[in-house]
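# Survey of secondary and tertiary structure
Each chain is listed here by its residues.
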Amino acid sequence: MIQRFSFGSMIPTDTVVRPLPVQAGPVPFLQGDAACWRYALAPGDVVYGLGETTRGINKRGWHYASHCSDDPSHTEDKQSLYGAHNFFVVSGEKTFGVFLDYGGRVEYDIGYTDTDLLTVAPAEPDYDLYILTGSSAADICAQLRALVGRSYIPPKWAFGFGQSRWGYKTEADVRAVAKGYRENDLPLDMIYMDIDYMDGFADFTVDAERFPDLAGLAAEMKQQGIRLVPIIDAGIKQKADDPTCREGLEKGYFCKKADGEPFVGAVWPGKAYFADFLRPEVRRWFGHKYKVLRDQGIEGFWNDMNEPAIFYSEEGLAQAFEKLDQLKGKNLDLYDYFSMKDAVLGLSNSAADYASFYHEVNGQPVRHDRIHNLYGYNMTRAAGEAFDELRPGKRTLMFSRASCIGAHRYGGIWLGDNCAWWSHLLQNIRQIPGVQMCGFLFTGADLGGFGCDTTPDLVLRWTEFGIFTPLMRNHAALGTRDQELYRFDKQLPALRNMLELRYALLPYIYSEYMKAALHDGLYMRPLAFDYPADAAARQVEDQLLVGESIMVAPVYTQNATGRYVYLPEPMKLLRLRSVEDYDEEILPAGHHYVPCALDEVLLFIRPGHIVPVGKPAQSVDALDAAAPLTLWSYLPDGSGEYLLYTDDGETTDYDRPEHWQTLRVDAQ
Ligand code: GLC
């Protein structure tokens, strides 16, 4: 059951797709009022959700903020990352969900100030509050999705493996990556193009010298089963002869300051304008711009810097220089020194800048900070709405950095600028359930780590986990150690086996993803979602259920040759070195130490379940749909069934019954 309560005068978010009648109070479970809600946590209560945040699967013991943040330092002290996901479930003495439909900042204190108190404080008392109850946490999540709409489904090839790097500067660089993969028999479906392909980092342009024939390159790559996936940034380069800039200015489509002049902030392209994505006509205009690249054979995109990231504004810079001028020549004492540093460091993504420009919502000006969290969502929506118009009935790959609930209908998200740290592999495992709960099924982190230099063992362990995440992409920052998989000679056979395992598992991964998307389920989730009565399962922070049949327990510690695993019920362990080479054993319920060498993957099959496995190929398009499937299974009574989903992988005609097929194993 979902109850809706309305407070103040809400700025529309377009997040809810099935409007419910507003209820009169009192609000169940929570005490307080629209300014701040409180809930007294019982000792055993677990709090799940809040999407893309730091720390544990259980969010208790920290304070968080819903505030889309361009912050490349994902350390434990952070309150917010790129997404703003206002949904959580309290599971314990009482089990219920809370969803805030609101585009401004929200502060969550989940047992931080007082270990047994949860508080929710939105910046303004103008929003809709939904209280969800159901038979379980999973049921509550399903109800939320019915309220906010079906999750985005990418084309099937997007479930292949992708290689990315900020720094592929020429066509030759892209060809070298394709060659590195193909010559080493490493499956690959996508090469991502970062800002380097653009002319001066301007959206919808291609550098004519470094990429003289993008259409030709895209066609050549496609012949090898590889799609090119370019980045699109939120900031539109300020440049008189740039068509996007010129048109946006002519039509008045950019966010404006109080004096009516367009707001200017600097990002990768230098000074830039910011399209007012909250206006439908601006979304349509920007969304149709993707056609410039589509027409050159591009079938997928990633949207970046759309919190929006603002390195500095003219106004901010002027103030900083003023401060520096005041301090110039002075013998700086401690406080002067810090204020000088703060004047410069505080330029980026500043609250003052976010409070200095306006959107237009239903003809009325709305200051940006009041709806900050809707910005990235509406950029992705611009793309999604345009793709539906430009290619009706067809899917386009789209994922974004910033998001809030609602964006899950138009694209996936990647988890932003992590580092090549073991702790970030663990963080990746812990972040996935939260974002899945908020509808972002197509998700994954930069495998191997984005910032800092990676190590071969970290790439291997992270790839082993990445096999199971819907978005499987290796991405690295400019200037970091090369981390394309073919760079690691010694680990190459193991890395090849891991990629082949991913491709062999695609009949399962795709079926389970589609079940989650079509039936409002969670493709990846905490153990306790399926074993709510199991007190030990509620504590598990480093194992996940993947679809209906599989549990994963990745190794995320350097030099570890195994790990402890908790089994809520007996399971069959496959210790996989490759699709063909594995040992299997039945483990009883309970705690186990499970060895796992660097070149192995632990895959646990739940009792009564089946995992359909195909033959790997170099790309998703090259998979042999007619080849017989192997069924990995753990069927204590000898029989079982699996519901397999298959379709053409590119149209949106999901709901046809012929996509479903029951595979049966019987005791005979
Ligand atoms: C941002 C993105 C990152 C990208 C970089 C350059 O930091 O998060 O993925 O590589 O910008 O475009």
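Everything here concerns the structure above.
So, here is what we can say about the structure in this document. (Residues numbered from 1 in each chain as written. Predicted model: local features only at pLDDT ≥ 70, side-chain atom pairs only at ≥ 80, totals over all residues. Heavy atoms only, no water.)

### Let's talk about the overall build of the chain
- Per the secondary structure count, the chain includes 15 helices and 39 strands.
- Relative to its length of 668 residues, the chain is compact, with a C-alpha radius of gyration of 25 Å against a globular reference of 26 Å.
- Projected onto its principal axes, the C-alpha positions of the chain cover 80 × 65 × 55 Å.
- Looking at the chain residue by residue over its 668 residues, the buried ones come to 62%.
- Excluding contacts between residues fewer than 6 apart, the proportion of contacts in the chain whose partners are at least 24 apart in sequence is 73%.
- When the accessible area of the chain is evaluated, it comes to approximately 24100 Å², of which 51% is carbon and sulfur surface.
- Charged side chains in the chain number 64 positive and 92 negative. The centres of these two groups are separated by 1 Å. (Helix = DSSP H or I, 4+ residues; strand = E, 2+ residues; numbered from the N terminus. Rg over C-alpha atoms; globule rule 2.2 N^0.38 Å. Buried < 20%, exposed > 50% of the residue type's maximum accessible area, 1.4 Å probe, protein only. Contact = heavy atoms within 4.5 Å. Areas by Shrake-Rupley, 256 points an atom, 1.4 Å probe, with all protein chains shown as cover. Lys, Arg positive; Asp, Glu negative; His and termini not counted. Charge placed at Lys NZ, Arg CZ, Asp CG, Glu CD.)

### Quick notes on the sheet that holds strand E12 (residues 161–163)
- Strand order in this open sheet of nine strands is E25-E24-E22-E18-E14-E13-E12-E27-E26, and the pairing throughout is parallel. Both edges of this open sheet fall to strand E25 (443–444) and strand E26 (446–447), since each of them pairs with a single strand only.
- Taken together, the four bridges between strand E18 (residues 300–304) and strand E22 (residues 397–400) define a ladder with parallel strand orientation. Along E22, the bridge assignment pairs Trp302 with Phe399. (Pairing = 2+ DSSP bridges.)

### Notes on the pattern of salt bridges
- Enumeration over the complete set of coordinates arrives at 54 salt bridges.
- The closest approach of N and O atoms between Lys78 and Asp71, which form a salt bridge, is 3.0 Å.
- Residue class for Lys78 comes out buried when judged on its relative accessible area of 18%.
- For Asp71, a relative accessible area of 17% gives the class buried.
- Salt-bridge contacts for Glu512 lead to Lys515; the nearest nitrogen and oxygen are separated by 2.8 Å. With a gap of three residues between them, Glu512 and Lys515 both fall in helix H14 (residues 506–518), about one helical turn apart. (Salt bridge = Lys/Arg side-chain N within 4 Å of Asp/Glu carboxyl O.)

### Some remarks on the packing of helix H5 (residues 280–289) against helix H10 (residues 375–390)
- At their nearest, the axes of H5 and H10 sit 8 Å apart, and the two run at 70° to each other. With respect to H10, the element H5 is oriented roughly perpendicular. Considering how the two elements wind past one another, H5 and H10 form a crossing that is right-handed. Across the interface between the two elements, Arg283, Arg284, Phe286, Gly287 and His288 of H5 pack against Asn378, Met379, Arg381, Ala382, Ala383, Glu385, Ala386, Glu389 and Leu390 of H10.
- Split into classes, the residues belonging to the contact of H5 with H10 amount to six nonpolar, three polar and five charged. (Axes fitted to C-alpha atoms, helices over the stretch in contact; angles between N-to-C directions. Parallel < 35°, antiparallel > 145°, perpendicular 65-115°, else oblique. Left-handed = near helix turned anticlockwise from the far one by under 90°. Nonpolar A, V, L, I, M, F, W, Y, C, P; charged D, E, K, R; others polar.)

### A few points about the nonpolar core
- One finds Phe87 and Trp632 to be the most contacted residues of the largest nonpolar core, which totals 173 residues.
- Take this core: its biggest share by element is nine residues, from H14.
- Ranked by size, the runner-up nonpolar core spans 26 residues in total, among them Trp37, Trp62, Leu129 and Ile131. (Core = buried A, V, L, I, M, F, W, Y, C linked by side-chain atoms within 4.5 Å.)

### Quick word on a nonpolar patch on the surface
- On the surface, a nonpolar cluster with roughly 450 Å² of combined accessible area is contributed by Leu334, Tyr335, Tyr337 and Phe338.
- With respect to the helices, strands and loops of the structure, Tyr337 is situated in helix H8 (residues 334–345). (Patch = residues over 30% accessible without salt bridge, like charges linked within 9 Å, V, L, I, M, F, W, Y side chains within 5 Å.)

### Quick notes on helix H4 (residues 243–251)
- Along H4, the positions that sit buried rather than exposed are Thr244, Cys245, Glu247 and Gly248.
- Considering only its buried residues, H4 is in contact with strand E15 (235–237), strand E17 (270–274) and H5.
- Here H4 starts with a cap whose side-chain oxygen sits 3.2 Å from the backbone nitrogen of Thr244, and that cap is Asp242.
- In the segment just after H4, Gly252 is the residue with positive phi, at about 70°. (Polar contact = N/O pair within 3.5 Å; in protein donor to acceptor, adjacent residues only side chain to side chain.)

### Structural notes on the packing of aromatic side chains
- Overall, the coordinates contain 45 aromatic pairs when judged by the stated rule.
- Where Phe204 meets Phe286, the ring centres are 5.2 Å apart and the plane angle is 70°; that geometry is what we call edge-to-face. With Phe204 in the loop between strand E13 (190–193) and helix H3 (214–223) and Phe286 in helix H5, this pair connects stretches of sequence that are 82 residues apart.
- The class of Phe204 is buried, set by a relative accessible area of 8%.
- Judged by centre distance (4.9 Å) and plane angle (80°), the ring pair of Trp268 and Phe311 falls under edge-to-face. Residue Trp268 is located in the loop between strand E16 (265–267) and E17, and its partner Phe311 is located in the loop between E18 and strand E19 (312–313); the two are separated by 43 residues in the primary sequence.
- Residue Trp268 is classed as partly exposed on the basis of its relative accessible area, which comes to 30%.
- Overall, Phe311 belongs to the partly exposed group, its relative accessible area being 23%.
- Through successive ring pairs, a cluster of aromatic residues spans Tyr152, Phe159, Tyr192, Trp302, Phe399, Trp414, Phe442, Tyr510, Tyr513, Tyr523, Tyr645 and Trp660.
- The positively charged end of Arg55 is found above the aromatic ring belonging to Trp62, 3.8 Å away from the centroid.
- Sitting over the ring of Tyr192, Arg473 keeps its end group 4.9 Å from the ring centre. (Phe/Tyr/Trp six-rings, centres within 6.5 Å; stacked < 30°, edge-to-face > 60°. Lys NZ or Arg CZ within 6 Å of the ring centre and 35° of its normal.)

### A word on the side chain of Thr205
- The topology assignment puts Thr205 in the loop between E13 and H3.
- Using a relative accessible area of 15% as the deciding quantity, one classes Thr205 as buried.
- At 3.0 Å, the side chain of Thr205 forms a polar contact with the backbone nitrogen of Asp199.
- Discounting chain neighbours no more than four positions away, the residues touching Thr205 are Tyr197, Met198, Asp199 and Asp242.

### Observations concerning the site of the ligand
- Around the ligand, the surrounding shell holds 13 residues, and the nearest of these are Asp194, Asp304, Arg401, Asp417 and His475.
- Between an oxygen atom of the ligand and a side-chain N or O atom of Arg401, the distance comes to 2.9 Å.
- Notes on the ligand: free accessible area 310 Å², of which the protein chains cover 98%.
- For the shell around the ligand, the per-class residue count stands at eight nonpolar, one polar and four charged. (Near = heavy atom within 4 Å.)

### Comments concerning unusual backbone geometry
- Pro26 follows Gly25 through a cis peptide bond whose omega is -5°.
- Inspection of the secondary structure puts Pro26 in the loop between strand E1 (2–7) and strand E2 (31–33).
- The omega angle of the peptide bond from Glu307 to Pro308 is -5°, so this bond is cis rather than trans.
- Structurally, Pro308 can be placed in the loop between E18 and E19.
- The backbone phi angle of Asp520 is positive, close to 60°, even though this residue is not glycine.
- With respect to the secondary-structure elements, Asp520 resides in the loop between H14 and strand E28 (524–526).
- The backbone of Asn559 shows a phi angle near 70°, a positive value even though the residue is not glycine.
- Structurally, Asn559 can be placed in the loop between strand E30 (550–552) and strand E31 (562–567).
- Among the residues examined, Asn559 registers a relative accessible area of 69% and is labelled exposed.

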